[in-house]
Structure formats: C-alpha cells, structure tokens
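One-letter residues, chain by chain:
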Amino acid sequence: MKNTYFTSEELELKNRAFLSGDAVKVSFFIRNSKLIMDEECYFFLMASMRKMRMNIPLSYTLEFFQNLFNEKVIAGSNIHNGIINFLVFRNSDGITLSKSSVSYYFEVEEMDDILSIHQRPLELDLIKEINVNNNLLSNIRVHCPENIYGKIYAQENDLDDVILLNPNKRIARSTTGNLLFLEGYVVKIPKQSEGAYISPLLENFVTFLHKNNLADTQEHEIIAFESQKAEEILLISDEKGVFSVKKIRNKTFENTRFTELVESWRNSF
C-alpha cells in the first residue's frame with residue numbers, strides 16, 4: 001500500500017528532527033484489528049523520551065495512544081495488520097531544550113501478520129569499517145548514521161542487511177533489529193550492554209520461549225566468528241518484523257526450528 005502517515009500538527013521544515021535528529025522512534029503493532037503489546041511499547045516510548053531528556057506531555061497516557069491508533073489507523077484507515085512506526089521529536093519553543101514541547105509523526109506499514117516470519121529469508125554480512133556504541137542511548141532508536149551507512153553498504157553489495165559490531169568487535173545488532181542465534185537447544189542473544197536494541201517484540205518472544213520451556217535463552221557477548229557456528233539465525237525488528245537469515249558469507253543456515261518456535265508464539269495470541 002502507499003505510505004500512510006499522520007502528524008500531531010502541520011509539519012514545519014524547521015524542526016529539530018529534521019535539523020538535528022532530535023527524535024526517538026518506537027513501534028506499535030496491530031494484529032487482527034487490535035493493538036498488541038501496546039503497554040510494553042508505551043512504556044518503552046516513555047523510557048526512550050526520558051533518556052533523551054524530552055518534556056513528556058501529561059496527555060501522553062497509554063489511553064491516549066490506544067485511542068489515537070484505534071481512531072486514526074484501525075478504524076480510520078481500515079488497517080488490520082501492520083506496524084506503526086511512531087516518531088516523537090522536540091520543538092524549538094522552550095527556554096531550554098528540556099522545556100521545549102514535542103510533536104509527533106507516525107507512519108503505518110501494512111503486512112500480513114507481524115508475528116509471522118517473512119517469506120523471503122535474508123542474506124547478511126558483517127561490516128567492520130564502522131561500529132556502533134554500547135552506551136545508554138545505543139539501546140533506543142534515535143538518529144544513527146551507522147544505520148544509514150550500513151543500509152547503503154548492504155544495497156551496494158546486494159545484501160539485505162549487515163551485522164554491526166561494537167567497539168570491542170563483538171556483535172551488537174543489524175541496522176534494523178536484533179539477532180538471535182540458535183545452537184541446539186540454546187538461543188543466544190547479544191546483551192543490551194553490547195549495543196543491542198531494547199525491543200518489546202523480541203522481549204515478548206523470548207519471554208514466551210522461557211515460560212513454555214521451548215528453548216534455553218541466554219544473553220551473551222558474541223564474537224563475530226560465532227555467527228558462523230549457529231545452526232539457525234533469526235532477525236527480529238520492531239520496525240520491519242521477523243525474518244529468518246539464510247546466508248552470511250559462504251555459510252547457509254536452516255530455518256526449521258525457529259519457524260516452529262515463531263509459529264508457536266504466533267498461535268499463543
């Protein structure tokens with residue numbers, strides 16, 4: 001479908017998102033004409049705004065966002081399944097930046113089912129000439145030139161995405177989301193302290209696996225070489241959805257086990 005977007009007010013070119021990248025982005029999810037994980041996504045938005053020292057309006061309650069998305073997206077645009085990528089940015093109207101008001105912009109990407117693996121598996125590669133940080137702001141979705149560079153590198157090399165390393169040359173994430181590595185019964189996930197994103201979608205999936213004893217999920221410091229040792233690799237992106245990884249360099253991966261786990265997760269809703 002064509003791009004569907006909404007704003008809190010008339011957009012002006014002179015805003016801090018455009019000029020300075022002074023914004024945070026969080027995704028909300030629609031499945032079968034209902035918001036799912038909305039509470040987790042809302043609290044992540046609030047935490048992200050606090051980390052960026054944004055002035056959070058009193059009107060920004062969970063009910064505000066539930067009503068906004070139900071009215072504008074689900075009922076207003078008749079969208080049954082999709083991802084709402086919500087961007088909130090700081091205006092330049094305060095005495096100080098921390099006192100400035102905020103505005104929002106959000107766009108909706110329709111898809112069949114946010115909880116299903118995309119049909120086309122991905123081909124990735126590691127990129128070593130740049131790395132991502134592993135500090136307080138590395139875990140939230142803010143302006144990141146490394147993501148832009150990585151996406152262009154992937155396009156120029158006929159790849160779907162790239163694996164980004166942290167300054168210690170360990171795996172952090174891809175440009176769009178987090179990676180999960182399956183070895184036997186163990187699912188290894190890069191720690192947030194390594195530069196991985198905080199992800200309500202990933203946390204919901206991992207919690208489901210743990211509660212149902214379907215896999216031993218472990219947070220790890222993962223060196224680049226370990227990507228070649230995995231039997232299967234899954235990429236979970238709050239922005240794009242769930243993908244299996246087919247190939248990294250000369251190594252190809254299966255997707256049978258992760259497909260079964262994701263299907264069980266999907267059926268639990």
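The model shown is predicted, which means the values in this text are computed figures rather than measured ones.

**Digging into the pairing of strand 6 (residues 122–127)**
For step 1, the next point in the chain: Where burial is concerned, most of strand 6 is hidden: five out of the six residues are buried.
For step 2, the next point in the chain: Here strand 6 pairs with strand 14 (residues 241–248) via three bridges, running parallel. Its bridge partner lying in strand 14, glutamate 123 is registered against lysine 247.

**Some points on the side chain of asparagine 178**
For step 1, the next point in the chain: Tracing the backbone shows asparagine 178 in strand 10 (residues 178–183).
For step 2, the next point in the chain: We classify asparagine 178 as buried; its relative accessible area is 1%.
For step 3, the next point in the chain: At 3.0 Å, the side chain of asparagine 178 and the backbone nitrogen of tyrosine 197 are in polar contact.
For step 4, the next point in the chain: When residues no more than four places from it in sequence are discounted, the contact partners of asparagine 178 are Arg173, Ala196, Tyr197, Ser199, Leu202, Leu234, Leu235 and Ile236.

**Some details on unusual backbone geometry**
For step 1, the next point in the chain: With phi around 55 degrees, arginine 53 is a residue other than glycine that occupies positive phi space.
For step 2, the next point in the chain: Mapped onto the elements, arginine 53 comes out in the loop between helix 2 (38–51) and helix 3 (62–75).
For step 3, the next point in the chain: Backbone geometry at asparagine 213 places phi at a positive 55 degrees, although glycine is not the residue there.
For step 4, the next point in the chain: Following the sequence through the fold, asparagine 213 ends up in the loop between helix 5 (200–211) and strand 12 (216–220).
For step 5, the next point in the chain: Residue class for asparagine 213 comes out exposed when judged on its relative accessible area of 59%.

**Points about a nonpolar patch on the surface**
For step 1, the next point in the chain: Residues Leu13, Phe18 and Leu19 make up a contiguous nonpolar surface patch of roughly 380 Å² in combined accessible area.
For step 2, the next point in the chain: The exposure class assigned to leucine 13 is exposed, which follows from its relative accessible area of 65%.

**Structural notes on the nonpolar core**
For step 1, the next point in the chain: Formed by 56 residues in total, the largest nonpolar core has its most connected members in Leu45, Phe86, Phe106, Leu180 and Phe205.
For step 2, the next point in the chain: Apart from the residues lying within four places of it in its own chain, the contact partners of leucine 180 are Val187, Lys188, Ile189, Leu202, Phe205, Val206, Glu232, Ile233, Leu234, Ile236 and Phe258.
For step 3, the next point in the chain: Judged by nonpolar contacts, the second largest core, of 17 residues, contains Leu124, Leu179, Ile233 and Phe253.

Conventions we followed
Residues numbered from 1 in each chain as written. Predicted model: local features only at pLDDT ≥ 70, side-chain atom pairs only at ≥ 80, totals over all residues. Heavy atoms only, no water. Buried < 20%, exposed > 50% of the residue type's maximum accessible area, 1.4 Å probe, protein only. Helix = DSSP H or I, 4+ residues; strand = E, 2+ residues; numbered from the N terminus. Pairing = 2+ DSSP bridges. Polar contact = N/O pair within 3.5 Å; in protein donor to acceptor, adjacent residues only side chain to side chain. Contact = heavy atoms within 4.5 Å. Patch = residues over 30% accessible without salt bridge, like charges linked within 9 Å, V, L, I, M, F, W, Y side chains within 5 Å. Areas by Shrake-Rupley, 256 points an atom, 1.4 Å probe, with all protein chains shown as cover. Salt bridge = Lys/Arg side-chain N within 4 Å of Asp/Glu carboxyl O. Core = buried A, V, L, I, M, F, W, Y, C linked by side-chain atoms within 4.5 Å.

By themselves, these figures tell us nothing about what the structure is for.
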